[in-house]
Amino acid sequence: MDEITTIAALRSRLDRDRAAGRTVGFVPTMGYLHDGHASLVRAARADTDVVVASVFVNPLQFGPTEDLAAYPRDLDHDRRVAAAAGVDVLFVPPTTEMYPEPVVTTVTVAGTVTESLEGATRPTHFAGVATVVAKLFNIVGPCRAYFGEKDAQQLAVVRRMVRDLSIPVEVVGCPIVREPDGLALSSRNAYLTAAERAVAPVVHRALLAGADRVAAGADHADEVRAAMAAVLAAEPLLEVDYAEVVDPDTFVALGDLADAPDEVRLLVAARLGRPRLIDNLGARRPRRDRS
């Protein structure tokens, strides 16, 4: 595995690869890699000839009261995970390489996909994400880029940005990787105490309860929200931000499910001690006999 720290060197390397007819897969990360990240690398390894992963903790997507300074970092660990999963090129730029001067140009995805949920809770977050992802796509060049579906709203934002700006990147969403008890893998899980870790799977249980209501033919999304809220309310350590049912493309909150897409997206965000847990699940509505 090659490790590259400058934009010019990475561009030069990947330009040579593409000139030789090799396809490029790209996995952008903020480091502290776990098997969820490794699953993205394995997907890229299966699909493309050259796999690039980036490790960059992007300051633009952290709000003033968020955990930028404390965000977990372990580059030696990241190197081992990346190499074992099949990364060919690890891009590890310092902040001064990515942002050599104050950033005055940002990318903003407007509309419903950024207005609610994470966009409402963290107002500057998606502009920071879109800006760094656009920059990374511009550095890496034409490729397939792999993102985990755990950050479902972020994935929708990136897909919309790529469509709107005609960026020559194919965005690939990959399934959430979970612990045996259902907890979605996340770098921030490292913040959980033993007691909090025992509670954390309730987020997934709430999503499953909501999905059961959808599959049973709930007429209105409020029934699904209530089912998720009831599960979450049983754990007093949780501070719930939202338990929502949305259109998976627009992220508009749903009402009457008779007019909803065949598959809806259920999302939960809740603070548990230091970390804020987010998770989501697709839920398919039963087919109606329209004869």
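Each remark here, short or long, concerns the structure printed above.
Structure report, in brief. Small disclaimer: the values here were computed from a predicted structure and weren't measured.

In an α-helix there are 3.6 residues to a turn, and that puts residues three or four apart on one side. Those residues of helix α3 (residues 75-85) not exposed but buried are Asp78, Val81, Ala82 and Ala85. The buried residues of α3 all sit within an arc of 100° when viewed along its axis, so they share a single face. Set apart from the buried face of α3 by more than 90 degrees, the exposed residues are Arg80 and Ala84. On its buried face, α3 sits against α2 (35-47), β3 (50-55) and β4 (89-91).

The end-to-end C-alpha distance of helix α11 (residues 221-233), which contains 13 residues, comes to 18 Å, matching closely the 18 Å that a straight helix rising 1.5 Å per residue would cover. Buried residues in α11 make contact with α10 (202-215), β7 (239-246) and β8 (263-271).

One way to put it is that helix α1 (residues 7-19) packs onto helix α7 (residues 125-140) with a least axis distance of 8 Å and a crossing angle of 50°. When the axes of α1 and α7 are compared, the pair comes out oblique. Contacts between α1 and α7 involve Ile7, Leu10, Arg11, Leu14 and Arg18 on the former and, on the latter, Asn138, Ile139 and Val140. Of the residues belonging to the contact of α1 with α7, the class tally is 5 nonpolar, 1 polar and 2 charged.

As a further point, take the packing of aromatic side chains. Geometry of an aromatic ring pair is reported as the spacing of the ring centres plus the angle between the planes. This model, assessed by the stated rule, comprises 4 aromatic pairs. Where phenylalanine 26 meets phenylalanine 137, the ring centres are 6.4 Å apart and the plane angle is 75°; that geometry is what we call edge-to-face. Of this pair, phenylalanine 26 sits in strand β2 (residues 24-29) while phenylalanine 137 sits in helix α7, and the two are 111 residues apart along the sequence. Here the two residues phenylalanine 26 and phenylalanine 137 agree in accessibility, since each one is buried. Feature note: the residues Phe26, Phe137 and Phe147 constitute an aromatic cluster, connected by ring pairs. If you follow arginine 274 out to its NZ or CZ, it ends over the ring of tyrosine 191, 4.0 Å from the centre.

Enumeration over the complete set of coordinates arrives at 24 salt bridges. Two residues, aspartate 47 and arginine 144, come together in a salt bridge whose shortest N-O distance is 3.0 Å. You can see aspartate 47 sitting in helix α2 and its partner arginine 144 sitting in strand β5 (residues 143-148), a full 97 residues away along the chain. Looking at arginine 144, the relative accessible area reads 24%, which means it is partly exposed. Salt bridges sharing partners connect three or more residues here, namely Asp2, Arg13, Asp17 and Arg22.

Conventions and cut-offs
- Starting from 1, residues in each chain are numbered consecutively following that chain's sequence as written.
- In keeping with the predicted nature of the model, local features appear solely for residues at pLDDT of at least 70, side-chain atom pairs appear and are counted solely at 80 or more, and the whole-chain, interface and lining totals rest on all residues.
- Based on all heavy atoms of the structure, the side-chain values leave hydrogens and waters out of the count.
- Between buried and exposed lies partly exposed: a residue is buried under 20% and exposed over 50% of the maximum accessible area for its type, with that area taken using a 1.4 Å probe on protein chains only.
- Here a strand is any run of E in DSSP of at least two residues, a helix any run of H or I of at least four, and the numbering for each starts at the N terminus.
- By definition, the arc is the one covered by directions from the helix axis to the C-beta atoms.
- Contact between two residues is taken to exist if any of their heavy atoms lie within 4.5 Å; hydrogens are not considered.
- Expected helix span is given by 1.5 Å per residue-to-residue step, counting one fewer step than there are residues.
- Here, axes are lines fitted to C-alpha atoms. For helices the fit covers the stretch in contact, and angles between N-to-C directions go from 0 to 180 degrees.
- In what follows, roughly perpendicular refers to angles from 65 to 115 degrees, roughly parallel to angles under 35, roughly antiparallel to angles over 145, and oblique to any angle outside these ranges.
- Under the scheme applied here, ten amino acids are nonpolar (Ala, Val, Leu, Ile, Met, Phe, Trp, Tyr, Cys and Pro), four are charged (Asp, Glu, Lys and Arg), and all others, including Gly, are polar.
- Only the six-membered ring of Trp is used, alongside the rings of Phe and Tyr, when aromatic pairs are assigned; centres must lie within 6.5 Å, and planes under 30 degrees apart are stacked while those over 60 apart are edge-to-face, with the rest tilted.
- Lysine NZ or arginine CZ positioned within 6 Å of the ring centre and within 35 degrees of the ring normal marks a charge as sitting over the ring.
- What makes a salt bridge here is a side-chain nitrogen of Lys or Arg within 4 Å of a carboxyl oxygen of Asp or Glu, nothing more.

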